[in-house]
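Given next are the chains, with one letter for each unit.
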Amino acid sequence: MSTLDWIVLAVTLSTIIAYGLYKSRTSKNLDGYFLSNRSMPWYLILLSIMGTQASAVTFLSAPGQAYTDGMRFVQYYFGLPIAMVLLCVTFVPLFHRLKVYTAYEYLENRFDVKTRTLTSFLFLLQRGVSTGISIYAPAIILSSLLGWNIYWTNIFMGGLLIIYTVSGGAKAVAYTQQFQMVIIFAGMFIAAYMVVHLLPPGIGFIDALKVSGKLGKLNVITSGVNNKGFNWDDKYNIWSGIIGGFFLQLSYFGTDQSQVGRYLTAKSITESRIGLLLNGLVKVPMQFSILLIGTLVFAFYQFNQAPLFFNQVQVNKVSKSAYGDSLKNMQVKYEGLSRQKKLVVNKWVNDYKSNQDTRTSEAQLVSINKETEKLRDNFVSISKKAGVAGDTKDTNYIFLRFVVDYLPKGLVGLLIAVIFLAAWGSIAAALNSLASCTVVDIHKKFIKKDCTERVDYSTSRWYSFAWGIFSIIVAMFATNMGSLIEAVNILGSLFYGVILGVFLVAFYLKHIKGNAVFISAVIIEVCIIMLFWKSSIGFLWLNAIGALGVVVLALILQAVVPARKTAV
Amino acid sequence: MKKMQEEKPPLLGSWKTWYVMVIAFLVVLIILFKMFTNYFA
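Residues numbered from 1 in each chain as written. Chains lettered and ligands numbered in written order. Predicted model: local features only at pLDDT ≥ 70, side-chain atom pairs only at ≥ 80, totals over all residues.

Sorry, what's going on with the interface of chain B and chain A here?
Interface size, as often reported, equals the accessible area lost upon joining of the parts. Chain B puts 20 residues into the contact, and the matching count from chain A is 22 residues. Those elements giving two or more residues to the side of chain B that touches chain A turn out to be α1 (2-7) and α2 (15-40) of chain B. No other element matches α2 of chain B, which puts 14 residues into the side of chain B that touches chain A. Classifying every residue of the side of chain B that touches chain A by side-chain character gives 16 nonpolar, 2 polar and 2 charged. (Contact = placed C-beta atoms within 7 Å. Helix = DSSP H or I, 4+ residues; strand = E, 2+ residues; numbered from the N terminus. Nonpolar A, V, L, I, M, F, W, Y, C, P; charged D, E, K, R; others polar.)

Help me understand the nonpolar core, please; the structure alone is not making it clear to me.
Among soluble globular proteins, nonpolar side chains are generally buried collectively. All names here are of chain A. Counting residues in hydrophobic clusters, the biggest one holds 182 residues, and the most contacted among them are Val297, Ile419, Val502 and Val550. If one sorts the elements of this core by residue count, helix α18 (residues 411-447) sits on top with 21 residues. Counting contributing residues per domain, this core is built from domain 1 (3-301 + 401-566) and domain 2 (312-390), each supplying no fewer than three. With near-sequence residues (within four places) excluded, valine 297 lies in contact with Pro63, Tyr67, Val195, Ile398, Phe399 and Phe402. (Core = buried A, V, L, I, M, F, W, Y, C linked by C-beta atoms within 7 Å. Buried ≥ 20, exposed ≤ 12 C-beta atoms within 10 Å, placed from the backbone. Domains from an automatic or database assignment.)

In this structure, what is going on with the environment of glycine 32 of chain A? I would like to understand it.
Residues and elements named next belong to chain A. As for its placement among the helices and strands, glycine 32 is situated in helix α2 (residues 30-35). Glycine 32 sits in the buried class, given 21 other C-beta atoms within 10 Å. Separated by 166 residues in sequence, glycine 32 and leucine 198 place their C-alpha atoms 48 Å apart.

I'm lost on the confidence of the model for chain A in this one. Help?
Considering every residue of chain A, the mean pLDDT works out to 84; 96% of them sit at 70 or more. Of all helices and strands in chain A, the one with the weakest mean pLDDT is helix α23 (residues 563-566) of chain A (52), whereas helix α5 (residues 80-89) of chain A scores best (92). (pLDDT = per-residue confidence, 0-100.)

Is there a simple way to explain unusual backbone geometry in this structure?
Backbone phi values are negative for most residues with the exception of glycine, while trans is the configuration of most peptide bonds. Residue and element names in this part refer to chain A. With a phi angle near 50°, arginine 38 is a residue other than glycine that sits in the positive phi range. Structurally, arginine 38 can be placed in the loop between α2 and α3 (42-53). Look at arginine 38 and you get partly exposed, because 17 C-beta atoms sit within 10 Å. Although it is not a glycine, lysine 99 sits at a positive phi angle of roughly 50°. For lysine 99, the location among the structural elements is in the loop between α6 (91-98) and α7 (105-110).

See below:
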């Protein structure tokens, strides 16, 4: 990175930290620290929930996901708009009416302490781990690009954001997210413009899309049906997106404290609802745009040689292993294919622009791309055979490698700052919510019930700090997880379904008591983990299975177990 | 009064209208995406 890039990066990050500290002044009690005294307008709620959901993983992995797998990942968000309306009708008024700090407090009113504690524990477990991954995601950029030690990078990355999160609580989180989102959108827009700008002369935006489309990367809508019928193992298709995605988004926004904690800060129920409903409308187009950048990068690399493997650190490790010669041969072959690809893609564009038959060049282009993909797979195989430690998938490196290799000075720093800010937005909200759950659902419930407001405030800050340290430690172990965006979503899907099931029973099945729902939740959670472990079912389905499983089993248990035993 | 505020949706007249609106929005998006895929394939 050039000096200019370092200056842009340092100025952007310092400004955010300073702004977060400036906005840290709030009343020194739980209401001020966790709920900003319920004073936020709808646009801050909207930006805050968007900033919480769109982590660095979103901006790192999504373009890479589009590069390798096409745009079908956008279907994952199809359940979101409907989930937002249902959420506004059911969850939001209830949480506002009861004036809760955490979503799980409601479950004690409705069922019992153990059900509240179970759901709170499941949240803390999955959110604590996924926050660690969210720290690791931007840390790999620095370590890969600058050759920094990944462990020290994790500490540096997590440490800076803890400063304003611990200091200012929910208010600092919301205000910095607003600022962060503006910089992120500007940065991504500039990146998209630059990809098109860097295409060869005469090749424009539409031409780039044509190239990506012909090579199957613009597969936005997929049915999940193959010649053997519906493929349940297919992760992203319209049905898993609408049904599985609906359950996942409903549980994420309705039962995950990192989101509930954002819209509970609204000054009224209407402000919460507007923020959530608008989020439902803008999220799919936003995600589509981010994925589109990935397909443009893919088109760019048809005209320019792409690295054999985007994680150069991994390539260097393999070249020093016993498989160094195999790698050299592979690279020679790959360079030959890349030269051939460049000729064929130019011929294809010329044929297409002059309305000539493109079938031959198109078939050649597809064939060359298949061969280069095979070589990439071979590289992964030899890096595994060589026993080289590190990430064997390069999805997360694709976009940033392009940025570092091709964007002009200054913009590289800005784009790296964008990744940092995106990470900080979601991590800060997560730390705040982890602390609120620990304080309200665990500490004040089981450890020290009656404390002064000042002590509660101080305890909350300490828990925010402790969760920050825990997340950094988790980040140290987050290697070998493949696509990080998938890792975070898979982790959520293991727990969200069950938590949502408990809430659905609470809302809609008034005759079911605490014991029945608690036993159901424990049994179904074990089943979900076994199902994920032992089968290859698409992870989005786990949300629907978990939620419906808890509802059905709770109904059965309530019916078969004598009322005396299940009554609370 | 508070109950009324809880039941009243923002911006549109009823929650039923909101459901219809988001489903229609989703259908339009899916059609546009399908056309986008087909056009560039």
